[in-house]
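Survey of secondary and tertiary structure
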Amino acid sequence: RKEVEQDPGPFNVPEGATVAFNCTYSNSASQSFFWYRQDCRKEPKLLMSVYSSGNEDGRFTAQLNRASQYISLLIRDSKLSDSATYLCVVNPWKGNDMRFGAGTRLTVKP
Amino acid sequence: GAGVSQSPRYKVAKRGQDVALRCDPISGHVSLFWYQQALGQGPEFLTYFQNEAQLDKSGLPSDRFFAERPEGSVSTLKIQRTQQEDSAVYLCASSRGTGEYYGYTFGSGTRLTVV
């Protein structure tokens, strides 16, 4: 079983739609959590951190459920520019590397 | 520098050739990471440095892979006797601290194709 698992998609949604991605992780001792965005043939870029209390950044909302070991990302009012691959990222323990999911591909269509 | 710089941007190697990939992290960043990303997959961890110390190399797939960061800044990932399965994008990332609070900044990657 992979350490971080995501539904690969693809998700094809119309502009203005709300879309949600889920991610599960296997290491219950994991300390910190992130969502990264990766455009085609580009490097991953940090989208947002995920906090236990949940957090929001504009149209993006991230949630963490430690008991069930899953993380979610909600995108409201999708824009064409949101089309990308969204990577779920988990830091297994303090001060060490991060583990990436395989990514969920989103295409927003006019 | 302003960002993480990797070179070369693209590398084509003949099977059996040795290659060296360079990463120049953001100035002052303590942590440096190497990842391998195959087509359609997420980045897979290779190795981690804190300053010049290689604290974790558990992700290196074989003893043909070697990484160093002798002065705690620039890092080199070396692959000896390249094989076709080594074809991937090699990403370098750096972090001001342990990454836990700051996340990573990635370089643009080196796309290695072994023919």
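Before going into details, it helps to say that this report is about the structure given with it. Each chain has its residues counted from 1, running along the sequence as written. Both sets of labels track the order of writing: A upward for chains, 1 upward for ligands. Per-residue local features are limited, in this predicted model, to residues with pLDDT of at least 70; the limit for side-chain atom pairs, both in listing and counting, is 80 or more; totals at the level of whole chains, interfaces and linings are taken over all residues. Note: side-chain values were computed over all heavy atoms of the structure, leaving out hydrogens and water.

Moving on, we get to a positive patch on the surface. Here, patches come from residues exposed beyond 30% relative accessible area and free of salt bridges, joined within 9 Å for like charges and within 5 Å for nonpolar side chains (Val, Leu, Ile, Met, Phe, Trp, Tyr). Per-residue accessibility takes into account occlusion by the displayed protein chains alone, with areas from the Shrake-Rupley method and a 1.4 Å probe. Basic side-chain nitrogens of Lys or Arg form a salt bridge, by our definition, when they fall within 4 Å of a carboxyl oxygen of Asp or Glu. A positive count includes Lys and Arg, and a negative count includes Asp and Glu. His and the chain ends are not counted in either. Just so you know, the charge point we use is NZ for Lys, CZ for Arg, CG for Asp and CD for Glu. A surface patch of like charges, here positive, comprises Arg41, Lys42 and Lys45 of chain A together with Arg9 of chain B. Note on conventions: DSSP H or I runs of at least 4 residues are helices, E runs of at least 2 residues are strands, and numbering of each starts at the N terminus. Turning to its location among the elements, Lys45 of chain A is positioned in strand β5 (residues 45–50). Using a 1.4 Å probe on the protein chains alone, a residue whose accessible area is under 20% of its type maximum counts as buried, one over 50% counts as exposed, and one in between counts as partly exposed. The exposure class assigned to Lys45 of chain A is exposed, which follows from its relative accessible area of 53%.

Working definition: the strands of a sheet are paired by backbone hydrogen bonds and lie parallel or antiparallel to each other. All names here are of chain A. Reading across the sheet, the five strands line up as β1-β3-β8-β7-β6 and stay open at both edges, with antiparallel pairing between neighbours. One side of each edge strand has no neighbouring strand; the edge strands of this open sheet are β1 (4–6) and β6 (55–57). In this sheet, adjacent strand axes meet at a mean angle of 20° when their direction is disregarded. Across three bridges, the pairing between β1 and strand β3 (residues 19–25) is antiparallel. Among the inter-strand pairings, Val4 is bridged to a residue of β3, identified as Tyr25. Whether two strands pair comes down to DSSP finding at least two bridges between them. The convention used is that axes are lines fitted to C-alpha atoms, helices contributing only their stretch in contact, and that angles between N-to-C directions extend from 0 to 180 degrees.

Facing the 20 residues of chain A at the interface are 24 residues of chain B. Both faces combined, the contact of chain A with chain B buries some 1800 Å², and carbon together with sulfur accounts for 49% of it. Our count for the contact surface shared by chain A and chain B stands at one salt bridge. With a shortest N-O distance of 3.2 Å, Lys2 of chain A and Glu44 of chain B are connected by a salt bridge. Think of a polar contact as two N or O atoms within 3.5 Å of one another; within protein, one of them needs to be a possible hydrogen donor and the other a possible acceptor, and neighboring residues in sequence only count if both atoms come from side chains. Where chain A meets chain B, there are five residue pairs in polar contact (both at pLDDT 80 or more). Broken down by secondary-structure element, the contributors of at least two residues to the side of chain A that touches chain B are β4 (32–38), β9 (84–91) and β10 (99–100) of chain A. Ranked by residue count, the leading element in the side of chain A that touches chain B is β4 of chain A, at four residues. When its residues are assigned to classes, the side of chain A that touches chain B shows eight nonpolar, six polar and six charged. Working rule for contacts: check all heavy atoms of both residues, and any pair within 4.5 Å makes them a contact. Reported buried area values correspond to the accessible surface (1.4 Å probe) lost by two parts on association, with both partners' losses combined. Lys, Arg, Asp and Glu make up the charged group, whereas Ala, Val, Leu, Ile, Met, Phe, Trp, Tyr, Cys and Pro make up the nonpolar group; the residues left over, Gly among them, are polar.

A few words now on the pattern of salt bridges. Residues and elements named next belong to chain A. Summed over the entire model, instances satisfying the criterion amount to nine salt bridges over all chains. Notably, a salt bridge pairs Glu56 with Arg76, separated by 3.6 Å at the nearest N-O pair. Taken together, the residues Glu56 in strand β6 and Arg76 in the loop between β8 (70–75) and β9 connect sequence positions 20 residues apart. Residue classification places Glu56 among the exposed residues on the basis of a relative accessible area of 58%. A relative accessible area of 27% places Arg76 in the partly exposed class.

Attention shifts here to the state of the cysteines. For the purposes of this analysis, a disulfide is any pair of cysteine sulfur atoms at a distance within 2.5 Å. Scanning the entire structure with this criterion turns up two disulfides over all chains. For Cys23 of chain A, the disulfide goes to Cys88 of chain A, at an S-S distance of 2.0 Å. In this structure the cystine formed by Cys23 of chain A and Cys88 of chain A twists about its S-S bond by roughly -75°; its chirality is therefore left-handed. Placement of Cys23 of chain A in strand β3 and of Cys88 of chain A in strand β9 is noted, with a sequence separation of 65 residues between them. Under the relative-accessibility criterion, Cys88 of chain A is labelled buried at 0%. Here Cys23 of chain B pairs with Cys92 of chain B through a disulfide, and the sulfurs are 1.9 Å apart. On the sign convention where negative means left-handed, the S-S torsion of about -65° between Cys23 of chain B and Cys92 of chain B marks this disulfide as left-handed. Taken as a pair, Cys23 of chain B in strand β3 (residues 19–24) and Cys92 of chain B in strand β9 (residues 88–95) lie far apart in primary sequence, 69 residues in all.

The next point concerns empty space enclosed by the protein. All names here are of chain A. Here a cavity is any set of points on a 1 Å grid over the protein atoms alone where a 1.4 Å probe fits but cannot get out, and a pocket is any open set with protein on both sides within 12 Å along at least 5 of 7 lines; a residue lines the site when it has an atom within 4 Å of a point. Grid points are joined across faces, edges and corners, and a volume is the space filled by probe spheres set on the points. Here the structure, examined in full by the defined rule, presents one cavity of 30 Å³ or more. The calculated volume of the largest cavity comes to roughly 40 Å³. Taken together, Glu3, Val4, Tyr25, Ser26, Asn27, Ser30, Val90, Pro92 and Arg99 make up the full set of residues lining the largest cavity. Looking at the lining of the largest cavity residue by residue, the classes come out as four nonpolar, three polar and two charged.

Don't take any of this as a statement about function, it's just geometry.
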